[in-house]
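# Survey of secondary and tertiary structure
Take a look at the letters that make up each chain.
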Amino acid sequence: MNSAKLKEEHRPAPKTTGGDKAHVQRQLPRPSDLRALLQFKSPTLDPVQRRLEAAITIEDLRQISRRTTPRSVFDYVDGGADYEVSQRRNKAVFDTARFMPNLLHEVSDPDLSTELLGRRIGFPVVFAPTGFTRMMHHEGEIAVARVAERNNLPYALSLLGTTDYETVAAAAPHGDNWFQMYMTNNQSLNTEILDKALEVGATTLVLTIDCAVGGFRPKDVRNGLAIPPALTMKTFFNMARFPYWWLNKLTTPPVEFASVRDFPGTNMEVAKLLFDPNLNYEALTWLRSHWPHKLLVKGIVNPADAGRMMEYGADGVIISNHGGRQLDRTPGTMEVLPAVREVVGAGATVMVDGGIMHGQDIIAARAAGADAVMIGRAYLYGIMAAGERGVERAVEILRDEFQRGLQLLGLRSTDAIASRHVVWPVVDSPTANPEAASLYRRSQAC
């Protein structure tokens, strides 16, 4: 073999580039190929369904509700007291949770249910009491009660609700219907309220104690959303942009405090009656002696208060700063949860509200010692966005996120969630409640 031929045989192959057309086979696309690649979704004619299909998170529902509801009404739900420090802190604490999964465990078909106050519920969520619900959407409390019943979740109707307890109970006759009340300075009215709740079959009473006076919410004042309303021209013209909302308000019964509508006086006088600055432990003693069923006290942010509530006969406590709508600059509710659980013991029912906007928040709360969470704004965004269907969508979103979170943690049930699954750096931060941080660190060391 001559040297020229040898060099030719060992010459490197020519380099090619991605753009070398000689090595790419091309053809004209066939109609069947296009159909496989371009799958267009059928248009949704129902505008409400169209909105809900776009909602894959609670934040999506929030943004939709901003577009479907007058600003003054949206701000009433979305806003908080003073500088809204407590409201932001509630959510910020959840954002610090660090999940610690245990992998290579079977997680198919997890059991989301849990026991709460002697009953098995769908997953650890309770619909919190909220006032003026029919102001957000004309379907109001009835829509919330129906969704709660369908999903086997408790619903606490507020004394400041815009639908009376009889109507709610009739709309959801098989639901776990709770009743929330404020102790008024009218003892005969207190007795009347309790008798009515007993008559219609309320299973649990929730006493809210963090409203000695009403919190100051600047957004509501600026919007004129007070009792009675004092709307500005700007607010009025903003409302005029929502004819559907107006039509429903004008063609349905007026928004009022339905559970105390027979009490003589204006709505403002009723509100002053309900917020009693002289409320004390004697009222709790009286209530415990007159209410034979489960009793929860809502509005706790101080672990010492939680212990006293149990001494006075409560079956449990709800850690709450009213969603940041009463006293501003309180701790985030999750900051004090471990300390409250340590004070009241394992046998007491402990719930927490404030800032729950994701199913993983529910997991974090369970890991820190809560039996369940209460949601308020999450379902109110849903009802403002699409009425009853919007509330249902809010539950679907939270349940799917909760289930997916369980499975990714390597858990097959709600009851398998333990403190080891979440790490909380927040307890070491300077903003954390010192008592809560100290008790939590001690409990972790045990």
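Below: a short report on this structure. (Residues numbered from 1 in each chain as written. Predicted model: local features only at pLDDT ≥ 70, side-chain atom pairs only at ≥ 80, totals over all residues. Heavy atoms only, no water.)

### Some remarks on the overall build of the protein chain
Counting its regular elements, the protein chain contains 20 helices and 12 strands. Burial analysis of the protein chain (446 residues in total) assigns 52% to the buried set. For the protein chain, long-range pairs separated by at least 24 residues make up 73% of all intrachain contacts whose partners lie at least 6 apart in sequence. (Helix = DSSP H or I, 4+ residues; strand = E, 2+ residues; numbered from the N terminus. Buried < 20%, exposed > 50% of the residue type's maximum accessible area, 1.4 Å probe, protein only. Contact = heavy atoms within 4.5 Å.)

### Notes on the packing of helix 6 (residues 85–95) against helix 17 (residues 333–344)
Running from amino to carboxyl end, helix 6 crosses helix 17 at an angle of 70°, the nearest separation of the two axes being 7 Å. Regarding the angle of helix 6 to helix 17, the classification is roughly perpendicular. Counting all contacts with helix 6, which are made through Arg-89, Asn-90, Val-93 and Phe-94, the residues of helix 17 involved are Thr-333, Met-334 and Glu-335. (Axes fitted to C-alpha atoms, helices over the stretch in contact; angles between N-to-C directions. Parallel < 35°, antiparallel > 145°, perpendicular 65-115°, else oblique.)

### A closer look at the pairing of strand 6 (residues 177–181)
Most of strand 6 sits out of view: 5 of its 5 residues are buried. Burial along strand 6 is two-sided: the face carrying Asn-177, Phe-179 and Met-181 and the face carrying Trp-178 and Gln-180 are both buried. By the bridge criterion, 3 bridges tie strand 5 (residues 155–157) to strand 6 in an arrangement that is parallel. Following the sheet pairing, Tyr-155 is matched in strand 6 by Asn-177. The handedness of the strand 5 to strand 6 crossover, carried by helix 9 (residues 165–171), is right-handed. Note that the unit made of strand 6, helix 10 (residues 187–199) and strand 7 (residues 204–208) has a crossover that is right-handed. (Pairing = 2+ DSSP bridges. Right-handed = clockwise from strand over helix to strand, strands pointing away.)

### Focus on the pairing of strand 11 (residues 372–375)
Of the two faces of strand 11, both are covered, the one formed by Ala-372 and Met-374 as well as the one formed by Val-373 and Ile-375. As defined by bridge partners, strand 4 (residues 125–127) adjoins strand 11 across 3 bridges and the pair is classed as parallel. Bridge pairing in strand 11 places Val-126 opposite Met-374. In this sheet, strand 11 lies alongside strand 10 (residues 349–353) in parallel orientation, the contact comprising 3 bridges. Among the inter-strand pairings, Asp-353 is bridged to a residue of strand 11, identified as Met-374.

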